[in-house]
Amino acid sequence: MIRDLEREAEIERLARVLGTDTDRLTPLAEAEPEDLRALSDAIADHLHERHAGAFEKAIAVAGKLPSAMTAKLAQHAMGPTLSARAATLLEPKQAADLAKRLPPLFLADVAVHLDLRRAGPLIDGIPPEVMAETGAELARREEWVVLGTFVGHVDREVLAELLDAFDAEALLRAGFFVDEPQRFAAIIGSLSDARLDELLATAAAQDLWPQAFVMFGHLGPRHAARVIEALDRMDDDARATLDGELEGELRARASV
Amino acid sequence: MSSRFQRRAVEVPEGIAALGDDAVDTVHTLVHEAERSQAQELRGALDRTLSIVPRPLRGAVKKVVGA
């Protein structure tokens, strides 16, 4: 099941890079997620390099104009896909200034197309409230892959603020797509006991245990022990939905 | 990998190539379409930029983009 979810996510990611529908990628339906990711990255690089001169000129134009005008051009002339590709060439300060001037709806559109391998360093400069508003919009759209990728790049202090904007379902579904497993400790660590209880109740109610255990499977003993305590607080019916083997693995992790 | 595509711009990972020519052809067709679409969007973006930027600044913009 986990591989299927990963494959589905990578097909979605590839379709986004190509600007096409997932239906057209049917011949790749059996590909391994890692191969699909490598292909997406290669195509993103190619499309960036194919018109690198044009993107560089767009950034040069931005440098000649007031920020408010640049923001207007990003939104109304470039659009989200081209803005996302050009944004990777911005200086962090420029990116932060622009982000403050753009509405969360547009930033969410840009985020969907942003290549965080290139744009990752820009993320730190974006004000936390802008990140949180954009994150909330992405959650509203159920853009779990995009959200998960962002969570892997945001500054640890901003992470807590970003997570406040997510309900338990969003946390579980986006958390599944976080590329950096070391982030799971920060995610679980930033949740209160009440939020952790809510996370487990949602996993039980919506059959999201696989997503939950992708997160829990990377925790160290301290955070695993907190999850075990939360499991012990669950009511019996909800607890019965959990696979005993997964719980056993977590208990072993907590006792290391 | 399909020999027809060995010199194409994007190198298809071996695992994708192993799926067969249909998969490889699909990738290259879609990459070609994405290139064309991006070129078209960029042309449109320049036109829209020149219509949005106030007249006194248009000369500077044209100079930068070489239009």
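Residues numbered from 1 in each chain as written. Chains lettered and ligands numbered in written order. Predicted model: local features only at pLDDT ≥ 70, side-chain atom pairs only at ≥ 80, totals over all residues. Heavy atoms only, no water.

J.: What is the right way to read the overall build of chain B from this model?
T.: From N to C terminus, chain B includes three helices and zero strands. Starting at the N terminus and ending at the C terminus, chain B contains elements arranged as α-α-α. With 67 residues in all, chain B has 39% of them scored as buried. Of the roughly 4,100 Å² that chain B leaves accessible, carbon and sulfur atoms contribute 47%. (Helix = DSSP H or I, 4+ residues; strand = E, 2+ residues; numbered from the N terminus. Buried < 20%, exposed > 50% of the residue type's maximum accessible area, 1.4 Å probe, protein only. Areas by Shrake-Rupley, 256 points an atom, 1.4 Å probe, with all protein chains shown as cover.)

J.: Got a minute to help me understand empty space enclosed by the protein in this structure?
T.: Sizing a probe to match a water molecule and rolling it over the atoms shows the empty space that remains. All names here are of chain A. Across all of its chains, the model carries one cavity of 30 Å³ or more by this definition. The calculated volume of the largest cavity comes to roughly 30 Å³. Lining the largest cavity we find Val151, Leu163, Phe166, Leu171, Ala174, Gly175, Val178 and Ile187. If you tally residues by element for the lining of the largest cavity, the top one is helix H11 (residues 168–175), at three residues. A class-by-class count of the residues in the lining of the largest cavity yields seven nonpolar, one polar and no charged. (1 Å grid on protein atoms, 1.4 Å probe; cavity = no way out; pocket = protein on both sides within 12 Å on 5 of 7 lines; lining within 4 Å. Points joined across faces, edges and corners; volume = space filled by probe spheres on them. Nonpolar A, V, L, I, M, F, W, Y, C, P; charged D, E, K, R; others polar.)

J.: Help me out: how do you make sense of helix H10 (residues 156–164) of chain A in this one?
T.: Along an α-helix, a turn takes 3.6 residues, which lines up residues three or four apart on a common side. Residues and elements named next belong to chain A. Of the positions making up H10, those classed as buried are Val158, Leu159, Leu162 and Leu163. The buried residues of H10 occupy an angular sector of 135° when the element is viewed end-on, so they sit on one face. Counted as exposed and oriented over 90 degrees from the buried face of H10: Glu157 and Asp164. Buried residues in H10 make contact with helix H8 (128–140), helix H9 (144–151), H11, helix H12 (183–190) and helix H13 (193–205). (Arc of directions from axis to C-beta. Contact = heavy atoms within 4.5 Å.)

J.: Quick question: what am I supposed to make of the side chain of glutamate 247 of chain A here?
T.: Residue and element names in this part refer to chain A. Mapped onto the secondary structure, glutamate 247 falls in helix H17 (residues 244–254). Judged by its relative accessible area of 12%, glutamate 247 falls in the buried class. For glutamate 247, the side chain forms a polar contact with the side chain of arginine 239, separated by 2.5 Å. In this structure, glutamate 247 is in contact with Phe213, Ile228, Leu231, Arg239 and Leu242, ignoring residues within four places of it in sequence. (Polar contact = N/O pair within 3.5 Å; in protein donor to acceptor, adjacent residues only side chain to side chain.)

J.: Explain the packing of H12 of chain A against helix H15 (residues 221–233) of chain A to me, please; I cannot follow it from the model alone.
T.: All names here are of chain A. In contact at an axis separation of 10 Å, H12 and H15 are set at 45° when each is read in the N-to-C sense. Between H12 and H15, the angle is such that the two are oblique. Here the hand of the crossing between H12 and H15 comes out left-handed. Touching Ala185, Ile188 and Gly189 of H12 are His223, Arg226 and Val227, all from H15. Residues belonging to the contact of H12 with H15 are distributed by class as follows: three nonpolar, two polar and one charged. (Axes fitted to C-alpha atoms, helices over the stretch in contact; angles between N-to-C directions. Parallel < 35°, antiparallel > 145°, perpendicular 65-115°, else oblique. Left-handed = near helix turned anticlockwise from the far one by under 90°.)

J.: What is the right way to read the packing of aromatic side chains from this model?
T.: Within a pair of aromatic rings, the relevant descriptors are the distance that separates the centres and the angle that separates the planes. Residue and element names in this part refer to chain A. Tallied over the entire structure, the rule returns three aromatic pairs over all chains. Centre to centre, the rings of phenylalanine 176 and phenylalanine 177 are 4.9 Å apart; their planes meet at 90°, and the pair counts as edge-to-face. Relative to phenylalanine 213, the ring of tryptophan 209 has its centre 6.0 Å away and its plane inclined at 55°; by these criteria the two rings are tilted. Taken together, the residues span about one helical turn, with tryptophan 209 and phenylalanine 213 both in helix H14 (residues 209–216) at a distance of four residues. (Phe/Tyr/Trp six-rings, centres within 6.5 Å; stacked < 30°, edge-to-face > 60°.)

J.: What is the right way to read the confidence of the model for chain B from this model?
T.: Should the pLDDT be low somewhere, the predicted coordinates at that spot are not to be read in detail. Residue and element names in this part refer to chain B. Considering every residue of chain B, the mean pLDDT works out to 86; 87% of them sit at 70 or more. Mean pLDDT values over the elements of chain B span from 84, in helix H3 (residues 55–65), up to 96, in helix H1 (residues 14–17). Note on residues 1–7: pLDDT is under 50 here. Beyond four places in sequence and across chains, it has ten contacts. (pLDDT = per-residue confidence, 0-100.)

J.: I keep staring at the environment of proline 127 of chain A and nothing clicks. Help me out?
T.: Residue and element names in this part refer to chain A. For proline 127, the position within the fold is in the loop between helix H7 (116–123) and H8. As a C-alpha pair, proline 127 and lysine 100 span 27 residues in sequence and 7.4 Å in three-dimensional space. In contact with proline 127, other than residues within four places in its own chain, are Ala96 and Lys100.

J.: Hey, could you run me through the pattern of salt bridges in this one?
T.: Charged atoms that come close allow side chains of opposite charge to pair. Enumeration according to the criterion identifies 28 salt bridges over all chains in this entry. Between arginine 141 of chain A and glutamate 137 of chain A there is a salt bridge, and its shortest N-O distance comes to 2.8 Å. (Salt bridge = Lys/Arg side-chain N within 4 Å of Asp/Glu carboxyl O.)

J.: How do you make sense of the interface of chain A and chain B when you look at a structure like this?
T.: Often, the extent of an interface is quoted as the loss of accessible area on bringing the components together. The interface of chain A with chain B comprises 34 residues on the first partner and 32 residues on the second. Summing both sides of the interface, chain A and chain B together bury roughly 2,800 Å²; the carbon and sulfur share of this comes to 76%. Viewed at the interface, chain B and chain A are joined by two salt bridges. Of the charged contacts, one joins glutamate 33 of chain B and arginine 24 of chain A as a salt bridge, the two residues approaching to 2.6 Å between their closest N and O atoms. Our enumeration of links across chain A and chain B arrives at six residue pairs in polar contact (both at pLDDT 80 or more). Of all the elements in the fold, those that place two or more residues in the side of chain A that touches chain B are helix H2 (33–50), helix H3 (52–64) and helix H4 (67–87) of chain A. Tallied by class, the residues present in the side of chain A that touches chain B amount to 21 nonpolar, five polar and eight charged. (Buried area = accessible area lost by both parts, 1.4 Å probe.)

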